[in-house]
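So the chains spell out like this:
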There are 2 protein chains.
Amino acid sequence: MTTSSSPGRSAADRTRPRTRAPRNTLNRERVLDAAVDLLDRAGPDAFTMRALAERLGVATMAVYSHFSGKDEIIDAVRVRLLAEADLPSRRPEGGERPGPREEVRELCRAAYRLLADHPSVLHLLAARPPDGDEFTLFAERTLEALLRAGLERREAASAYTALTQFTVGAALWAAGSRKRRAAQACREAGAGPGGGTARPAGPAGLPADRYPHLVGLMPELADAVRDGTAQYERGLDALLTGLLG
Amino acid sequence: MTTSSSPGRSAADRTRPRTRAPRNTLNRERVLDAAVDLLDRAGPDAFTMRALAERLGVATMAVYSHFSGKDEIIDAVRVRLLAEADLPSRRPEGGERPGPREEVRELCRAAYRLLADHPSVLHLLAARPPDGDEFTLFAERTLEALLRAGLERREAASAYTALTQFTVGAALWAAGSRKRRAAQACREAGAGPGGGTARPAGPAGLPADRYPHLVGLMPELADAVRDGTAQYERGLDALLTGLLG
DNA sequence: ACCTGAACACCGTTCAAGT
DNA sequence: ACCTGAACACCGTTCAAGT
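What counts, and at which threshold
Residue indices begin from 1 for each chain and proceed along its sequence in written order. As a convention, the first chain written is A and the first ligand written is 1, with the rest following in written order. Selection of residues for local features in this predicted model requires a pLDDT of at least 70, selection of side-chain atom pairs for listing and counting requires 80 or more, and totals for whole chains, interfaces and linings are taken over all residues. Side-chain measures were taken over the full set of non-hydrogen atoms in the model, leaving aside hydrogen atoms and water. We call a set of buried Ala, Val, Leu, Ile, Met, Phe, Trp, Tyr and Cys residues a nonpolar core when their side-chain atoms join them within 4.5 Å. Here's how the labels work: a residue is buried when its accessible area is under 20% of the maximum for its type, exposed when over 50%, partly exposed in between, all with a 1.4 Å probe on protein chains only. A contact between two residues is defined here by any heavy atoms of the two lying within 4.5 Å. A pair of aromatic rings is counted whenever rings of Phe, Tyr or Trp (Trp by its six-membered ring) have centres within 6.5 Å, and the orientation is called stacked for planes under 30 degrees apart, edge-to-face for over 60 and tilted otherwise. Each helix corresponds to a stretch of at least 4 residues labelled H or I by DSSP, and each strand to a stretch of at least 2 residues labelled E; elements are numbered beginning at the N terminus. Axes here refer to lines fitted to C-alpha atoms; in helices the fit is confined to the stretch in contact. Angles between the N-to-C directions go from 0 to 180 degrees. Left-handed describes a crossing whose near helix is turned anticlockwise from the far helix through less than a right angle; right-handed describes the clockwise counterpart. Side-chain classes are defined by residue name, with Ala, Val, Leu, Ile, Met, Phe, Trp, Tyr, Cys and Pro counting as nonpolar, Asp, Glu, Lys and Arg as charged, and the others, Gly among them, as polar. By definition here, a salt bridge exists when the distance from a side-chain nitrogen of Lys or Arg to a carboxyl oxygen of Asp or Glu is within 4 Å. UniProt positions are given in the numbering used here, feature names are shortened, and annotations may be inferred rather than shown by experiment. Between the first and last residue of a helix there are one fewer steps than residues, each counted as 1.5 Å, and that sum is the expected span. Summary of the distance rule: residues count as near a molecule or strand when at least one heavy atom falls within 4 Å of that molecule or strand. In the analysis that follows, any N or O atom pair within 3.5 Å is treated as a polar contact, provided that within protein one partner can donate a hydrogen and the other can accept it, and provided that, for residues neighboring in sequence, both atoms belong to side chains.

As annotated in an unreviewed UniProt entry, chain A is TetR/AcrR family transcriptional regulator C-terminal domain-containing protein from Streptantibioticus silvisoli.

What follows is the structure, given as structure tokens:
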């Protein structure tokens with residue numbers, strides 16, 4: 001897929017043995033920094049213990065001194081990212097404190113942004129979805145706002161769950177469409193600019209007689225997927241209306 | 001993790017060369033049958049070209065005569081499952097035709113059930129989310145009902161997208177909680193029934209002073225995750241209310 | 001305690017060969 | 001055309017060894 005770019009050290013470097021790393025070059029934090037970076041840059045498939053170690057300038061097995069294995073690293077990355085979400089400040093400096101509905105909206109937006117900025121986290125969430133209580137700060141503040149909005153305890157828990165589920169699903173969609181768009185651009189670049197006879201009828205080869213509405217609404221559906229953020233906000237508004245009345 | 005159960009042939013069988021398979025034992029359909037079965041039974045991690053071939057009673061490379069590789073098989077599995085969703089019949093035999101809102105509800109329920117029954121599809125969806133137009137029949141009928149409910153073209157496309165996003169997110173949550181519950185049961189069985197001193201304070205070790213609402217609502221949150229279907233329906237109703245007014 | 005290199009049991013896939 | 005086995009370049013992880 002990529003050309004022969006070596007991300008860490010050159011092939012020549014990798015051949016001769018690296019100068020031995022100082023005794024305490026590594027710690028959990030440095031490993032996690034590199035893991036998040038590698039995951040976001042290269043994607044989950046390229047997230048390899050060997051690649052991670054190379055990025056740290058260290059032998060592969062050095063990482064095992066600080067983590068029991070790849071799974072523990074993945075768990076730690078997930079916990080860190082979910083905990084570090086850039087949430088809106090609790091007390092806005094200048095303006096009024098927003099109403100509970102507006103605060104829930106802002107919190108969800110922040111969660112969506114986090115997932116959109118770190119597409120690889122989605123892969124981790126899919127492989128091992130969070131406990132619900134792993135969003136900690138996000139959960140705490142969202143639940144508080146939902147209760148303040150007048151919801152009962154059960155209703156608040158249920159609403160929080162629904163909001164989180166929707167947010168993850170929407171982010172998943174956006175990440176997928178981004179990936180697909182990149183793949184398509186790559187394909188078209190490879191095929192060259194000579195496609196005059198392409199696309200005979202249905203945009204995806206779908207029979208328009210069997211799926212009239214689907215084919216007819218294709219442009220609108222493409223729009224909805226294209227601008228993930230705007231689409232997310234529309235859905236979020238609808239969900240909030242249904243949840244808060 | 002598992003005991004030494006060999007899913008396909010015994011270790012002795014695997015040692016001596018298998019009797020050569022007849023010329024046309026394999027075809028795309030048989031491969032996909034086995035793939036879906038293996039995926040649902042053993043999970044995505046155990047979904048291996050070697051395991052798949054063994055289940056088919058065939059050498060590993062035989063599969064490559066019908067599929068270009070693992071990715072193509074995964075794509076085909078996803079398309080097949082999404083296309084084969086067990087949707088509610090278009091014309092109910094006895095009763096009245098339901099209103100558009102009720103029909104959308106039933107369609108979404110069917111989609112959720114499909115994802116819940118095939119948890120591994122979720123992994124595939126996460127790795128390469130669908131085009132939106134891969135749900136074909138589901139999309140066609142949902143879009144039709146949304147238009148019938150009075151939505152504009154853009155609104156219908158947006159609403160369909162939101163419903164699908166929410167459905168995938170909710171199914172993801174349910175699958176995750178199921179997996180986690182199984183893992184926990186396994187862990188407890190291993191530890192034996194001697195846990196009298198466990199769980200000192202917060203259910204997950206969360207500081208109750210930092211996360212009062214989250215800790216306080218833990219039972220309700222656990223309930224919301226426990227019965228995935230009921231939780232999904234509550235969220236779906238809220239979303240529909242917001243979308244259809 | 002922390003880091004290293006070789007080795008083991010896997011994986012997807014290429015390739016030349018069988019029928 | 002379809003199926004096979006050996007081989008290649010990976011992967012996560014175990015292990016004995018270095019400092």
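More follows now that the structure is in view.
The next point concerns the nonpolar core. Ranked by size, the top nonpolar core spans 140 residues in total, and within it L52, I73 and V77 of chain A together with L52, I73 and V77 of chain B carry the most contacts. Residues in contact with V77 of chain A, not counting those within four places in the same chain, are L32, A35, V36, L39 and L124 of chain A.

On to the packing of aromatic side chains, then. As enumerated under the stated definition, the model contains 6 aromatic pairs over all chains in all. Plain terms: the ring middles of F166 of chain A and Y232 of chain A are 5.4 Å apart, the flat faces sit at 15 degrees to each other, and that makes the pair stacked. With F166 of chain A in helix α8 (residues 153–191) and Y232 of chain A in helix α11 (residues 228–244), this pair connects stretches of sequence that are 66 residues apart. Between F138 of chain B and Y160 of chain B the ring centres are 6.0 Å apart and the planes differ by 45 degrees, which places this aromatic pair in the tilted class. Of this pair, F138 of chain B sits in helix α7 (residues 137–148) while Y160 of chain B sits in helix α8 (residues 153–191), and the two are 22 residues apart along the sequence. For the pair shown, F138 of chain B and Y160 of chain B are each scored as buried.

For the rest of this paragraph, the subject is the packing of helix α5 (residues 100–117) of chain B against helix α11 (residues 228–244) of chain B. All names here are of chain B. Direction vectors running N to C along α5 and α11 enclose 145 degrees, while the axes themselves pass 11 Å from each other. α11 is crossed by α5, and the crossing has right-handed handedness. The residues of α11 that touch α5, namely those facing R101, V104, R105, C108, R109 and Y112, are G228, T229, Y232, E233, L236, D237, L240, T241 and L244. For the contact of α5 with α11, the per-class residue count stands at 7 nonpolar, 3 polar and 5 charged.

Next up on the list: the pattern of salt bridges. Residue and element names in this part refer to chain A. The final tally for this structure, using the stated rule, is 34 salt bridges over all chains. With a shortest N-O distance of 2.8 Å, R148 and E103 are connected by a salt bridge. Note that R148 is positioned in helix α7 (residues 137–148) and E103 in helix α5 (residues 100–117), a separation of 45 residues in sequence. For R148, a relative accessible area of 33% gives the class partly exposed. For E103, a relative accessible area of 6% corresponds to the buried category.

We now examine the UniProt feature "domain: HTH tetR-type" (unreviewed entry) in chain A. UniProt records the feature "domain: HTH tetR-type" (unreviewed entry) at residues 25–85 of chain A, using the numbering of this structure. For the annotated span residues 25–85 of chain A, helix accounts for 61% and strand for 0% of the residues, and the straight-line distance between the end C-alpha atoms is 28 Å.

A few words now on α5 of chain A. Spanning 18 residues, α5 of chain A covers 26 Å between terminal C-alpha atoms, matching the ideal 26 Å at 1.5 Å per step. If you check which residues of α5 of chain A are buried, you get E103, V104, R105, L107, C108, R109, A110, A111, Y112, L114 and L115 of chain A.

Here we come to α11 of chain B. All names here are of chain B. For α11, which comprises 17 residues, the first-to-last C-alpha distance of 24 Å matches the rise-based estimate of 24 Å (1.5 Å per residue) to within 8%. Of all the positions in α11, only G228, Q231, Y232, G235, L236, A238, L239, L240 and L243 are classed as buried. Of the residues one or two after α11, G245 is the one with positive phi, at around 80 degrees.

To continue, consider the protein's contact with DNA strand C. Around DNA strand C, the structure places 26 residues, and the nearest of them are R23, A59 and H66 of chain A together with R50 and M61 of chain B. Counting only atoms of DNA strand C within 4 Å of the protein, the sugar-phosphate share comes to 55%. Within the side chain of T25 of chain A, an N or O atom sits 3.2 Å from a phosphate oxygen of DNA strand C. Residue classes in the surface near DNA strand C are distributed as 12 nonpolar, 7 polar and 7 charged.

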